[in-house]
Every structure is written in C-alpha cells, then in structure tokens.
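Per-entry structural report
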Amino acid sequence: MMTTLRWLVFGIAAFAMNFPILVTLSTSFKSARELSTNPGLWVEAPTLDNYLAVFQVTDRLNIFLYLFNSLSVALIGTVLAVALALPAAYAIARGRLGERTLLPFIVNLRAVPLIIFAIPLYMMFQWLALLDTRLGLGLILSIVNLPLALVILVNAIRDLPGELDEAALMDGASRTQILFRVIAPVCRPAIVTSLIFGFITAWNEFLFGLMLTTSKAVPITVGASFFFAASGGGVQWGVASAVMVVGALPPVLLGLIMYRQISGSMTAGAVKG
C-alpha cells in the first residue's frame, strides 16, 4: 500500500513538473486549426507541418545558422572555461593560492545577476569589434562557466592523494607535467562533467545572446523567438513550440547520454559540498 502511494505521489509530482514540456511537445504536433479547438495535451491529428516550417530557410529565418551559432559559442565557452579552470584549480587545491579570497570571489560571481554586466560588456565589445561574433559571445560564456568548472575541479583535485605529486616530483617532473600528465588523466570524470555542465549552460544562455548579437551570431535561444510570428498575423504557437523542442533537444540528449558519467563523477566526490 505504501509503495503504491509513493509511486502515485511521484507520478503526480513528475507530471506537474514536466507539464510545460508536455504542453510544448503536444502543441508542436498540432495544426493551427486544431489548436483553436483542442487546447488539451491529446493530439487528435498529429502533423509535422510545424517542424517543416521551422526547417524552411528564408532570408529572415535560418534555424541551421542559429543551431550552428549555439554549437560554436557553447564549445568555445565550455572548452576555454575548463582550460582556465584546470590550472587555477590545481594551484588552489595544492598550493592554497587564493583559497580564502580568489575562490570565494569567483564562486560568488554565480550569485550576481548577469544583467549587471550587460551594459559595460556591450560598450567594451563595441570598442573591440566583437559585437555579433561567435568569438565574442563564446568568451563571455567562458566567464559564465568558469565558477562552476573551478568548484568541480578544485574539489576533484583535493580528493586526490598528495603522494601522486610527490612521486612525480621525485621522478623529476615539473608542476606543469604533473598537472597535465598525472592530475588531468585521473580527474578526467570531473573534467568531462565540467564540460557537460558548461555546454548545457552555454547552450541555454539567452541574455548575452540577446544583448550582444543581431544577425550573424544569433544563438538558437534568441533565434527561436523569431519564429513566433514567422508568417505574420499573430503568434504561430505550433511553429514556436516546434522550434523550442528542436532547440532543447541537444542539451537534453547530451544529459541523457552522459548521465552515467555525470552521476559517477558526483558519486566519486567531484561535485562536493
């Protein structure tokens, strides 16, 4: 009886939490006529017309460009963040450099609303000619990803025994060699976890994509809003839902595929307190 009750509560909670996703998914398979008569979750006459409209390239709308932009800036923002965080994490975990000042300062940047940085970054990017470029947006996303990557890697390196470093030093290895030949391979699960979380965060970023891009480097999170009135005459709910589903698929699939890697890293203590 208690098991049945628990599953019932779990099912209700799961349905309530995922209700917006289910509505978006069902709406993407409905025609404009059915949307006006059937607002429920059930789809009476499924259609792919909304998805065909999304993938139809026009002078104003190009979902392939938006997806490519998101992929590019997410890779730049993720790889660069981890590349900066790894040596910094090693210095903090092993050398105690900035442990009481730098690390808390960088971590607390996650608590600061990003809108605070929008105006100064826009002015700086305008001066550097980085507005509406994939490189410029990728650089900003690397800063956004840096705090989380640093926390993950610092905790992962702290969990490693210091004897690894001592043995490598006795063999004549430098600190740089120890970092990349000893520490990095052992911390591979934490590095992969940082890359996954960073990619998902960068892919879902909207504010800086809206502020710093106009046409050439528009990411999918911003480009999706262009489809709401793709044909004019009000909001095209079916098309809007379809483009949101397409835009959400890459991070969702990545999370599902790499779930074991993420959970294994967390269990091993890479993401700790």
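The preceding data block contains the structure.
Residues numbered from 1 in each chain as written. Predicted model: local features only at pLDDT ≥ 70, side-chain atom pairs only at ≥ 80, totals over all residues. Heavy atoms only, no water.

This part takes up the packing of aromatic side chains. Applying the stated criterion to the full structure yields eight aromatic pairs. With a centroid separation of 6.4 Å and an interplanar angle of 90 degrees, the aromatic rings of tyrosine 66 and phenylalanine 227 are classed as edge-to-face. You can see tyrosine 66 sitting in helix α4 (residues 63-95) and its partner phenylalanine 227 sitting in the loop between α12 (220-223) and α13 (237-257), a full 161 residues away along the chain. According to the relative accessible area criterion, phenylalanine 227 is buried, its value standing at 1%. (Phe/Tyr/Trp six-rings, centres within 6.5 Å; stacked < 30°, edge-to-face > 60°. Helix = DSSP H or I, 4+ residues; strand = E, 2+ residues; numbered from the N terminus. Buried < 20%, exposed > 50% of the residue type's maximum accessible area, 1.4 Å probe, protein only.)

Attention now goes to the pattern of salt bridges. Taken as a whole, this structure holds two salt bridges when the rule is applied. Across the pair arginine 94 and aspartate 165 runs a salt bridge whose closest N-O atoms are separated by 3.1 Å. In this pair, arginine 94 is assigned in helix α4 and aspartate 165 in helix α8 (residues 163-170), connecting sequence segments 71 residues apart. The partly exposed category is assigned to arginine 94, whose relative accessible area is 24%. Judged by relative accessible area, which is 4%, aspartate 165 ranks as buried. Connected via shared salt-bridge partners are Arg94, Asp165 and Arg175. (Salt bridge = Lys/Arg side-chain N within 4 Å of Asp/Glu carboxyl O.)

Let's shift gears to the environment of alanine 85. On the secondary structure map, alanine 85 appears in helix α4. Once the C-alpha coordinates of alanine 85 and alanine 248 are considered, the two residues, 163 residues apart in sequence, prove to be 27 Å apart.

Bringing the packing of helix α10 (residues 188-204) against α13 into the picture now. Relative to each other, α10 and α13 sit at 170 degrees, their axes nearing to 10 Å. With respect to their mutual orientation, α10 and α13 come out roughly antiparallel. Across the interface between the two elements, Ile196, Phe199, Ile200, Trp203 and Asn204 of α10 pack against Gly247, Pro250, Pro251 and Leu254 of α13. Here the residues of the contact of α10 with α13 sort into seven nonpolar, two polar and no charged. (Axes fitted to C-alpha atoms, helices over the stretch in contact; angles between N-to-C directions. Parallel < 35°, antiparallel > 145°, perpendicular 65-115°, else oblique. Contact = heavy atoms within 4.5 Å. Nonpolar A, V, L, I, M, F, W, Y, C, P; charged D, E, K, R; others polar.)

It is worth spelling out the nonpolar core at this point. Membership of the largest hydrophobic core comes to 30 residues, with the highest contact counts inside it found for Val54, Ile63, Ile140, Phe208, Ile220, Phe227 and Val243. Elements that contribute at least two residues to this core include exactly α3 (49-54), α4, α6 (118-128), α7 (134-158), α10, α11 (207-212), α12 and α13. Apart from residues no more than four positions distant in its own chain, valine 243 is found in contact with Val54, Ile63, Ile220, Ala224 and Phe227. Among the nonpolar cores identified, the runner-up in size contains 25 residues, and Val82, Leu86, Tyr90 and Ala190 belong to it. (Core = buried A, V, L, I, M, F, W, Y, C linked by side-chain atoms within 4.5 Å.)

All right, on to a nonpolar patch on the surface then. A cluster of nonpolar side chains, Met2, Leu5, Leu8, Val9 and Ile12, forms an exposed patch at the surface whose accessible area comes to about 480 Å². Within the fold, isoleucine 12 resides in helix α1 (residues 2-28). (Patch = residues over 30% accessible without salt bridge, like charges linked within 9 Å, V, L, I, M, F, W, Y side chains within 5 Å. Areas by Shrake-Rupley, 256 points an atom, 1.4 Å probe, with all protein chains shown as cover.)

Let us look at the layout of surface pockets. The calculated volume of the largest pocket comes to roughly 290 Å³. Thr221, Ala224, Met244, Gly247 and Ala248 are the residues nearest the centre of the largest pocket, which is lined by 14 residues in total. Of all the secondary-structure elements, those providing two or more residues to the lining of the largest pocket are α10, α12 and α13. Considering every element that reaches the lining of the largest pocket, the biggest residue donor is α13, with six residues. (1 Å grid on protein atoms, 1.4 Å probe; cavity = no way out; pocket = protein on both sides within 12 Å on 5 of 7 lines; lining within 4 Å. Points joined across faces, edges and corners; volume = space filled by probe spheres on them.)

In a regular helix each residue adds 1.5 Å, so 33 residues correspond to 48 Å; α4 covers 47 Å between its end C-alpha atoms and thus fits that length. The distance from a side-chain oxygen at the start of α4 to the backbone nitrogen of phenylalanine 64 is 3.2 Å, and the residue carrying that oxygen is asparagine 62. Where α4 terminates, the next one or two residues include arginine 96, which has phi positive at roughly 60 degrees. (Expected span 1.5 Å × (residues − 1). Polar contact = N/O pair within 3.5 Å; in protein donor to acceptor, adjacent residues only side chain to side chain.)

The first and last C-alpha atoms of α13 sit 30 Å apart over 21 residues, in line with the 30 Å expected at 1.5 Å per residue. Of all the bends in α13, the largest measures some 40 degrees and sits at leucine 249, one to four residues before the proline proline 250. For α13, every residue scored as buried is listed here: Gly238, Val239, Ala240, Ser241, Ala242, Val243, Val245, Val246, Gly247 and Pro251. Next to the buried residues of α13 lie α1, α2 (32-37), α3, α4, α10 and α12. (Bend = angle between axes of the 7 residues up to and from the residue.)

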